[in-house]
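A look at the structure
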Amino acid sequence: MNLFVIFFATLFTHNIALTYFLGMCPFISISRSIKTAWGMGLAVIFVMTITAAVNWPIYYKILVPLKVEFLYYVLFIITIAALVQFVEMVTERFLPVLQVTLGVFLPLITVNCAILGLSLFMILRKYSYVQSIVYAFGSGVGWTIAIIAISGLRSKLIFADVPQALKGPGITMIIASIMALAFMGFTGMGGIQ
Amino acid sequence: MSNHLEKNSRKNKKKKIKLKFMFMHYNRIFFNTLWNDNPICRMVLGICSALAVTNRLSNAVAMGLGVTFAMVVSSVSISLIRNVVPRRVRMIVYMIVISTAVILVDRYLKAFFPDISEAMGAYVGLIITNCIIMGRAESFASLNKPVDSLIDALGAGCGYTFALLVIAFVRELLGFGSLFNIRVLGPDWTSWVIMIMAPGAFLVLGVFIWIVRSLQKSYDQTA
């Protein structure tokens with residue numbers, strides 16, 4: 001499959017936040033300002049690409065030859081937790097500038113379902129190594145686009161008179177619905193499964 | 001003799017009161033997590049799966065039961081080992097416990113309900129990162145006794161399943177004109193295809209949260 005098609009599809013036609021509903025918890029709770037949305041988005045792109053690059057060989061080079069594929073949930077979640085910890089240590093030591101931006105968001109990523117979901121989808125769709133990495137990077141960027149767009153919309157909501165019970169998550173879901181509707185306009189411009 | 005009887009009945013009464021108290025205690029835990037702190041509407045946790053699998057009622061039932069089972073198993077196990085696990089490594093221990101429970105669910109579905117397992121795809125695995133389970137483990141099971149944790153997990157699981165069923169009911173009815181794959185709306189009904197796609201899911205969940213929060217009298221402003 002063409003790498004460019006995969007990249008484009010993950011950005012628009014098959015956006016992981018708006019079509020596959022992955023990473024919804026931070027999508028709702030951290031989308032109140034554009035600045036924090038940026039930080040979370042960058043952290044997701046970063047961790048997502050690295051985990052895809054590590055989880056692919058773990059599955060195909062260790063689990064498949066040993067015929068214990070059903071253990072992949074446990075192994076994937078351990079790699080993700082370990083990687084997040086490792087990335088945190090490395091950025092703290094060598095890239096203090098990045099640490100300032102990503103610092104708060106990295107621990108939250110372990111329980112972000114987008115990261116695990118991506119590894120599962122990658123196995124389910126039988127991507128090759130390079131395809132997986134492109135898919136992971138594209139999905140991260142797509143997720144970032146979605147969260148930045150919704151945080152931009154939400155920051156305008158301060159001036160709107162929303163019913164008391166609809167404030168917060170309720171109205172955010174309805175905005176997300178309209179955004180998903182807009183993203184459906186890309187359908188047909190190339191897609192993956 | 002009468003003295004003895006009296007003593008016995010008093011003892012019984014005491015026991016009854018104790019039982020009643022126990023019942024109230026568990027009741028409170030159960031309904032607190034089921035309605036007042038409903039995972040979907042109040043805490044807004046675990047909505048990935050709530051959105052993804054609610055296009056058919058049968059998927060919603062499978063997901064709800066799967067999450068409830070995984071939550072009960074992991075809550076009780078975490079509560080049993082809560083005094084042994086050092087605080088620094090607790091997260092990763094919880095993760096391993098939860099993912100073991102999820103493997104059980106996944107194997108079970110694959111063996112007995114292959115159609116549903118196929119339809120849910122990767123979302124069965126995503127029960128691991130369902131924040132409800134981790135949230136209950138961290139905020140309740142790691143601090144309370146196993147029986148209390150069991151009740152709490154059951155309450156949260158039922159609340160979650162209830163929310164899923166309501167959303168799936170609306171989506172399947174409008175999107176396919178059917179309930180549990182049985183057509184109910186007649187041949188003249190034009191299916192609202194948008195309801196089974198992503199935008200419909202967001203919209204129904206948004207409106208559902210709105211209605212439930214209006215019904216709950218004392219809500220404070222969170223998030």
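Analysis parameters
Residues numbered from 1 in each chain as written. Chains lettered and ligands numbered in written order. Predicted model: local features only at pLDDT ≥ 70, side-chain atom pairs only at ≥ 80, totals over all residues. Heavy atoms only, no water. Helix = DSSP H or I, 4+ residues; strand = E, 2+ residues; numbered from the N terminus. Buried < 20%, exposed > 50% of the residue type's maximum accessible area, 1.4 Å probe, protein only. Contact = heavy atoms within 4.5 Å. Areas by Shrake-Rupley, 256 points an atom, 1.4 Å probe, with all protein chains shown as cover. Core = buried A, V, L, I, M, F, W, Y, C linked by side-chain atoms within 4.5 Å. Axes fitted to C-alpha atoms, helices over the stretch in contact; angles between N-to-C directions. Parallel < 35°, antiparallel > 145°, perpendicular 65-115°, else oblique. Left-handed = near helix turned anticlockwise from the far one by under 90°. Nonpolar A, V, L, I, M, F, W, Y, C, P; charged D, E, K, R; others polar. Expected span 1.5 Å × (residues − 1). Salt bridge = Lys/Arg side-chain N within 4 Å of Asp/Glu carboxyl O. 1 Å grid on protein atoms, 1.4 Å probe; cavity = no way out; pocket = protein on both sides within 12 Å on 5 of 7 lines; lining within 4 Å. Points joined across faces, edges and corners; volume = space filled by probe spheres on them. Polar contact = N/O pair within 3.5 Å; in protein donor to acceptor, adjacent residues only side chain to side chain. Buried area = accessible area lost by both parts, 1.4 Å probe.

Considerations on the overall build of chain B
A tally of regular secondary structure across chain B gives 9 helices and 2 strands. Counting from the amino terminus, chain B carries its helices and strands in the arrangement α-α-α-α-α-α-α-β-β-α-α. Out of the 223 residues belonging to chain B, those deemed buried represent 47%. Sequence-distant contacts in chain B: of pairs separated by 6 or more residues, those separated by 24 or more amount to 74%. Surface exposure of chain B reaches about 11700 Å², of which carbon and sulfur atoms provide 66%.

Observations regarding the nonpolar core
By size, the foremost hydrophobic cluster in this structure holds 113 residues, and its most contacted members are Leu 18, Met 24 and Phe 27 of chain A together with Ile 127 and Phe 202 of chain B. Top contributing element to this core by residue count: helix α3 (residues 34-66) of chain A, with 10 residues.

Observations concerning unusual backbone geometry
Residues and elements named next belong to chain A. A positive phi is found at Phe 21, a non-glycine position, where the angle reads about 60°. Along the chain, the position of Phe 21 falls in the loop between α1 (3-13) and α2 (24-29). By relative accessible area, which is 5% here, Phe 21 ends up buried. Not every positive phi belongs to a glycine, and Lys 126 is a case in point at roughly 55°. For Lys 126, the position within the fold is in the loop between α7 (113-124) and α8 (129-156). Of the residues examined, Lys 126 reaches a relative accessible area of 67% and is grouped as exposed.

Topic: the packing of α3 of chain A against α8 of chain A
All names here are of chain A. Where α3 meets α8, the closest approach of the two axes is 8 Å, and the angle between their N-to-C directions is 165°. In this view, α3 runs roughly antiparallel relative to α8, as classed from their interaxial angle. Like other packed secondary-structure pairs, α3 and α8 cross with a definite hand, here right-handed. Taken together, the residues that form the contact of α3 with α8 break down as 19 nonpolar, 8 polar and no charged.

Quick notes on the packing of helix α4 (residues 72-94) of chain A against α7 of chain A
All names here are of chain A. At a minimum axis distance of 10 Å, the contact between α4 and α7 shows a crossing angle of 135°. One finds that α4 runs oblique with respect to α7. The chirality of how α4 crosses α7 is right-handed. Residues Tyr 72, Tyr 73, Phe 76, Ile 77 and Ile 80 of α4 lie in contact with α7, whose contacting residues are Ile 115, Leu 116, Ser 119, Leu 120 and Ile 123.

Here's the deal with α4 of chain A
The periodicity of an α-helix, 3.6 residues per turn, causes residues three or four positions apart to be oriented the same way. Relative to the 33 Å expected for 23 residues at 1.5 Å per residue, α4 of chain A spans 32 Å between its end C-alpha atoms, a close match to the ideal helical length. Tyr 72, Tyr 73, Val 74, Phe 76, Ile 77, Thr 79, Ile 80, Ala 81, Leu 83, Val 84, Val 87 and Thr 91 of chain A are the residues of α4 of chain A that are buried.

Considerations on the pattern of salt bridges
Residue and element names in this part refer to chain B. Enumeration over the complete set of coordinates arrives at 3 salt bridges over all chains. Across the pair Lys 110 and Asp 106 runs a salt bridge whose closest N-O atoms are separated by 3.4 Å. Remark: Asp 106 and Lys 110 occur in helix α4 (residues 90-112); sequence separation between them is 4 residues, near one turn of the helix. The class of Lys 110 is partly exposed, set by a relative accessible area of 43%. Its relative accessible area of 4% is what places Asp 106 among the buried residues. Taking the shortest distance from any N to any O, the salt bridge between Asp 152 and Arg 136 comes out at 2.9 Å. On the criterion of sequence distance, the pair formed by Asp 152 in helix α7 (residues 146-176) and Arg 136 in helix α6 (residues 131-141) is long-range, its members being 16 residues apart. For the pair shown, Asp 152 and Arg 136 are each scored as buried.

Looking at empty space enclosed by the protein
Scanning all chains against the criterion turns up 2 cavities of 30 Å³ or more. When its volume is computed, the largest cavity comes out at roughly 50 Å³. Taken together, Cys 113 of chain A together with Gly 46, Cys 48, Ser 49, Tyr 123, Leu 126, Ile 127, Thr 129 and Asn 130 of chain B make up the lining of the largest cavity. Across the lining of the largest cavity, the residue classes break down as 5 nonpolar, 4 polar and no charged.

Considering the side chain of Thr 172 of chain A
Residue and element names in this part refer to chain A. Mapped onto the elements of the fold, Thr 172 is located in helix α9 (residues 169-183). Residue classification places Thr 172 among the buried residues on the basis of a relative accessible area of 0%. Looking at Thr 172, its side chain comes within polar contact range of the side chain of Arg 154, at 3.4 Å. Setting aside chain neighbours within four positions, we find Thr 172 in contact with Ile 28, Ile 150 and Arg 154.

Focus on the interface of chain B and chain A
How large an interface is tends to be reported as the accessible area lost when its parts come together. Residue-level contacts link 42 residues of chain B with 42 residues of chain A. Taken together, both faces of the contact between chain B and chain A bury some 3600 Å²; the carbon and sulfur share is 82%. Broken down by secondary-structure element, the contributors of at least two residues to the side of chain B that touches chain A are α2 (47-52), α4, α6 and α9 (198-215) of chain B. If one sorts the elements of the side of chain B that touches chain A by residue count, α9 of chain B sits on top with 11 residues. Classifying every residue of the side of chain B that touches chain A by side-chain character gives 30 nonpolar, 9 polar and 3 charged.

Examining α4 of chain B
Taking 1.5 Å as the rise per residue, α4 of chain B with 23 residues should run 33 Å; its terminal C-alpha atoms sit 33 Å apart, in good agreement. All of the buried residues in α4 of chain B are Arg 90, Tyr 94, Met 95, Val 97, Ile 98, Ser 99, Ala 101, Val 102, Ile 103, Val 105, Asp 106 and Leu 109 of chain B. Its buried side turned inward, α4 of chain B meets α4 of chain A together with α3 (57-80), α5 (114-120) and α6 of chain B.

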